[in-house]
Amino acid sequence: QTGDPRALFEALRLGEVIEIMRREGLAYGESIEEDLFPGQGGAVWEDAVARIYTGDRMEERVADDFAAALGDADIGPAMAFFTSDRGKKIISLEIDARSALEDEAVETAARAAVQDLPATRLDRIESFIESNDLVEQNVTGTMNANYAFYEGLAEGGALLPGLTEDQMIADVWAQEPEIRSDTRDWLMAYLGLAYQPLDAAAIDAYIAFSRSPAGRTLNRAIFAAFDGLYNDISRDLGVAAAGFMQGEDI
């Protein structure tokens, strides 16, 4: 291996991304209760969700999987890009925007603001999304996580008897168009907000890096690291939710 994966993990500030994901996860836990067992979970469910979203455990898991996914790749070019002033600024803007979007009012405004972006800016954001295969990767990740949640419900005994694996897969696939549409809209809102202060040259440089072998390797490693975590969390949430759906104390 050329370079230290942990140093790259730190340069990308992935620990902070995981902390935002943890907060998003706690909010998601509330929506699971509202959908599946309204008013039944209380503090016991909150504790169960908080245990599943343990920050240290999540960070350790992602860091290990990230290093494994990078394998023996040369991470020098990625380190050079993300430790430069421009790279640091990009990471900072991405994290600030992701954090801001936790507020529903900000997300609504950011989604609306996309309509007013100049065509050249829209084109650049779409090029960035395409260069990093962000729609496909996120749609696949979400669908896999949704399937893992069903597996967890099944494992916990909360699914209808006789519900087959094929039916679970069909149900997940039925959600695909909505997931795809929402993913694209969210990405446009997020990147539109994040890159607002960046000039065209900075975005073009980021797109060029994303299309380079180093950029593609990094992108694959990030998705591999987070997808594994998401699937495990979703399965654990499904198992935990199953207990509450059946009125058991966990």
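Structure's up top.
The structure presented is a predicted model; accordingly, all values stated were derived computationally and were not measured.

Criteria and cut-off values
Residues numbered from 1 in each chain as written. Predicted model: local features only at pLDDT ≥ 70, side-chain atom pairs only at ≥ 80, totals over all residues. Heavy atoms only, no water. Helix = DSSP H or I, 4+ residues; strand = E, 2+ residues; numbered from the N terminus. Expected span 1.5 Å × (residues − 1). Buried < 20%, exposed > 50% of the residue type's maximum accessible area, 1.4 Å probe, protein only. Patch = residues over 30% accessible without salt bridge, like charges linked within 9 Å, V, L, I, M, F, W, Y side chains within 5 Å. Areas by Shrake-Rupley, 256 points an atom, 1.4 Å probe, with all protein chains shown as cover. Salt bridge = Lys/Arg side-chain N within 4 Å of Asp/Glu carboxyl O. Lys, Arg positive; Asp, Glu negative; His and termini not counted. Charge placed at Lys NZ, Arg CZ, Asp CG, Glu CD. Contact = heavy atoms within 4.5 Å. Polar contact = N/O pair within 3.5 Å; in protein donor to acceptor, adjacent residues only side chain to side chain. Core = buried A, V, L, I, M, F, W, Y, C linked by side-chain atoms within 4.5 Å.

Before going further, it helps to spend a moment on helix H2 (residues 14–36). Under the 1.5 Å per step criterion, the end-to-end length of H2 is 32 Å for 23 residues, consistent within 8% with the ideal 33 Å. Burial in H2 covers these residues: Leu14, Val17, Ile18, Ile20, Met21, Gly25, Gly29, Ile32 and Glu33.

The subject of this paragraph is a negative patch on the surface. There is a patch of like negative charges on the surface, built from Glu30, Glu34, Asp35, Glu46 and Asp47. Listed by contribution, the elements that provide at least two residues to the negative patch are H2 and helix H3 (42–52).

Before going further, it helps to examine the pattern of salt bridges. Evaluation of the coordinates by the stated rule reveals 16 salt bridges. For the salt bridge of arginine 98 with glutamate 24, the shortest nitrogen-to-oxygen distance reads 2.9 Å. Of this pair, arginine 98 sits in helix H6 (residues 85–100) while glutamate 24 sits in helix H2, and the two are 74 residues apart along the sequence. The exposure class assigned to glutamate 24 is partly exposed, which follows from its relative accessible area of 27%.

We now examine the environment of arginine 211. Tracing the backbone shows arginine 211 in helix H12 (residues 200–211). On the accessibility criterion, arginine 211 (44% relative accessible area) is partly exposed. When the C-alpha positions of arginine 211 and valine 44 are compared, they lie 46 Å apart, and in sequence the two are 167 residues distant. When near neighbours in sequence (up to four residues on either side) are disregarded, arginine 211 contacts Ser127, Ser131 and Arg216. Side chain to side chain, arginine 211 and serine 131 meet in a polar contact 2.9 Å long.

Another aspect to go through is the nonpolar core. Nonpolar side chains in soluble globular proteins generally cluster together in the buried interior. In this structure, Trp45, Phe66, Tyr195 and Leu237 are the most contacted members of the largest nonpolar core, which totals 72 residues. With 13 residues, the top contributor of residues to this core is helix H13 (residues 213–245). Aside from chain neighbours lying at most four places away, what touches phenylalanine 66 is Pro5, Leu8, Phe9, Leu12, Leu218, Ala221, Ile222 and Ala225.

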